[in-house]
Amino acid sequence: MKRALTPGTFDPITSGHIEIISRASRIFDEVIVAVAASPKKQPLFSLDERVALAREALKGMPNVRVEPFCGLLVDFAREMDAHVAVKGLRAITDFEYEFQQTALNYQLDPHLETIFIMSSPEYMYLSSSVVREIASFKGDVAQFVPSCVNDALKAKFA
């Protein structure tokens, strides 16, 4: 079985994330969406909330499951018996950061491969931080996120 991880903070999960996960689910037998605790990022949503939102948003994908994790991605990959990390790329700035992460992960575990999937043009500008900022000013983010996330953002910023 070919099992891959799609790691991220997912604060919150966006339509861009969902597109990358969907495309990965067509390549691999199983995709584990690895929701990182990321306490240094001071997420808007708690880890439990981010996991719940991702599970709701991805419930229509039978070979995708969502799991929280803390610590190193390489350790979580070993725990999940996954040998591939799938990362989405939007722009050169993403590549530079992901290139560094990939090199570090390779040093920690040369058996963990990283595969990059380029975002579709319609999502190249989309990020969780942009969605949070728009929502914080009561802007409409419905076109950028699934309805469960839209509702959660409205509640957070009510």
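This write-up is about the structure you can find in this document.

## Considerations on the overall build of the protein chain
Phase 1 of the analysis: Helices and strands together make up the secondary structure of the protein chain, namely six helices and five strands.
Phase 2 of the analysis: Going from the N terminus to the C terminus, the protein chain shows its helices and strands as β-α-β-α-β-α-β-α-β-α-α.
Phase 3 of the analysis: A globule of 158 residues ought to have a C-alpha radius of gyration of about 15 Å, and the protein chain, at 15 Å, matches this closely.
Phase 4 of the analysis: When the backbone C-alpha atoms are referred to their principal axes, the protein chain occupies close to 45 × 30 × 30 Å.
Phase 5 of the analysis: Look at the contacts in the protein chain between residues 6 or more apart in sequence, and 76% of them connect residues 24 or more apart.
Phase 6 of the analysis: For the protein chain, the exposed surface amounts to about 8,700 Å²; the carbon and sulfur share of it is 56%.

## Notes on the environment of Asp75
Phase 1 of the analysis: If you trace the backbone, Asp75 turns up in helix H3 (residues 73–80).
Phase 2 of the analysis: Asp75 gets classed as partly exposed once you look at its relative accessible area, which sits at 39%.
Phase 3 of the analysis: A C-alpha to C-alpha distance of 30 Å links Asp75 and Arg132, two positions 57 residues apart in sequence.

## Notes on the pattern of salt bridges
Phase 1 of the analysis: The tally for this structure, following the rule as stated, stands at eleven salt bridges.
Phase 2 of the analysis: As a salt-bridge pair, Glu30 and Arg3 come within 2.5 Å of each other at their nearest N and O atoms. With Glu30 in strand S2 (residues 30–36) and Arg3 in strand S1 (residues 3–8), the pair connects residues that are 27 residues apart, well separated along the chain.
Phase 3 of the analysis: The exposure class assigned to Glu30 is buried, which follows from its relative accessible area of 14%.
Phase 4 of the analysis: Given the relative accessible area of 19%, Arg3 is considered buried.

## Overview of the environment of Glu98
Phase 1 of the analysis: Residue position: Glu98 is located in helix H4 (residues 92–108).
Phase 2 of the analysis: A residue is classified by how much of its surface remains accessible, and Glu98, at 12% relative accessible area, is buried.
Phase 3 of the analysis: For the pair formed by Glu98 and Glu49, sequence separation is 49 residues and the distance between their alpha carbons is 25 Å.
Phase 4 of the analysis: If we ignore the near neighbours within four places in the chain, the residues touching Glu98 are Lys87, Leu89 and Phe116.

The rules behind each value
- Residues numbered from 1 in each chain as written.
- Predicted model: local features only at pLDDT ≥ 70, side-chain atom pairs only at ≥ 80, totals over all residues.
- Heavy atoms only, no water.
- Helix = DSSP H or I, 4+ residues; strand = E, 2+ residues; numbered from the N terminus.
- Rg over C-alpha atoms; globule rule 2.2 N^0.38 Å.
- Contact = heavy atoms within 4.5 Å.
- Areas by Shrake-Rupley, 256 points an atom, 1.4 Å probe, with all protein chains shown as cover.
- Buried < 20%, exposed > 50% of the residue type's maximum accessible area, 1.4 Å probe, protein only.
- Salt bridge = Lys/Arg side-chain N within 4 Å of Asp/Glu carboxyl O.

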